[in-house]
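Here is what each chain is made of, one letter per residue.
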Amino acid sequence: MKKNKKLIIFLIILLVLSIIPLPIMRNDGGTIEYNAILYQVIIWHEINPSAVYDENGRYVVGAQPQFLTGTSFYIFPSNFLGTKIATTKIWGNRGRVD
């Protein structure tokens, strides 16, 4: 009985540790990755390379979205393999979903 109790406590601790995410910030405009053993969530906020800027380097409103935003969700084991389970990527303020 003592061994079973220790095993159950160990498994509960292991489960709790596998769902706690570690945040990782990317330097692409504000993208944040939350990585855990059982899942991965990526909140995209990257600078649009095809955005239009004027001669002074200021963003031209309405031509192209300045940032590409969206959310990706990966479930184990796909979070390690790179296979997408569900992805929603919204392009700027236009609301276009890809």
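Residues numbered from 1 in each chain as written. Predicted model: local features only at pLDDT ≥ 70, side-chain atom pairs only at ≥ 80, totals over all residues. Heavy atoms only, no water.

## Some thoughts on the side chain of E33
One can find E33 in strand 2 (residues 32-35). At 3.1 Å, the side chain of E33 and the side chain of Q40 are in polar contact. Non-local contacts of E33, meaning those with residues more than four positions away in its chain, are made with L22, P23, I24, R26, Q40, V41 and I42. (Helix = DSSP H or I, 4+ residues; strand = E, 2+ residues; numbered from the N terminus. Polar contact = N/O pair within 3.5 Å; in protein donor to acceptor, adjacent residues only side chain to side chain. Contact = heavy atoms within 4.5 Å.)

## What to know about the packing of aromatic side chains
Throughout the structure, instances matching the rule amount to one aromatic pair. When the ring of Y39 is compared with that of F73, the centres are 6.4 Å apart and the planes differ by 25°; the resulting orientation is stacked. In this pair, Y39 is assigned in strand 3 (residues 39-47) and F73 in strand 4 (residues 67-75), connecting sequence segments 34 residues apart. (Phe/Tyr/Trp six-rings, centres within 6.5 Å; stacked < 30°, edge-to-face > 60°.)

## Focus on the pairing of strand 2
As judged from the four bridges shared by strand 1 (residues 22-25) and strand 2, these two strands associate in the antiparallel manner. Bridge assignment links L22 to a residue of strand 2, and that residue is N35. Connecting strand 1 to the next strand, strand 2, in antiparallel fashion are six residues, including G29 with a positive phi near 125°. (Pairing = 2+ DSSP bridges.)

## Some details on the environment of E46
Assignment of secondary structure puts E46 in strand 3. Spatially, the C-alpha atoms of E46 and L68 are 5.3 Å apart, while their sequence positions differ by 22 residues.

## Focus: the confidence of the model for the chain
Across the chain, the average pLDDT comes to 77, with 78% of residues at or above 70. Ranking the elements of the chain by mean pLDDT puts strand 6 (residues 96-97) last, at 39, and helix 1 (residues 2-19) first, at 92. Under a pLDDT of 50 for its full length, residues 88-98 has, in the predicted model, 31 contacts with residues more than four places off or in other chains. (pLDDT = per-residue confidence, 0-100.)

## Thoughts on helix 1
Between the first and last C-alpha of helix 1 there are 27 Å, a value that for 18 residues agrees with the 26 Å anticipated at 1.5 Å per step. Taken across its 18 residues, helix 1 has one buried, putting it largely on the surface. (Expected span 1.5 Å × (residues − 1). Buried < 20%, exposed > 50% of the residue type's maximum accessible area, 1.4 Å probe, protein only.)

## Some details on the environment of Q40
Along the chain, Q40 turns up in strand 3. Judged by its relative accessible area of 10%, Q40 falls in the buried class. For Q40 and S72, which are 32 residues apart along the polypeptide, the C-alpha to C-alpha distance reads 8.1 Å.

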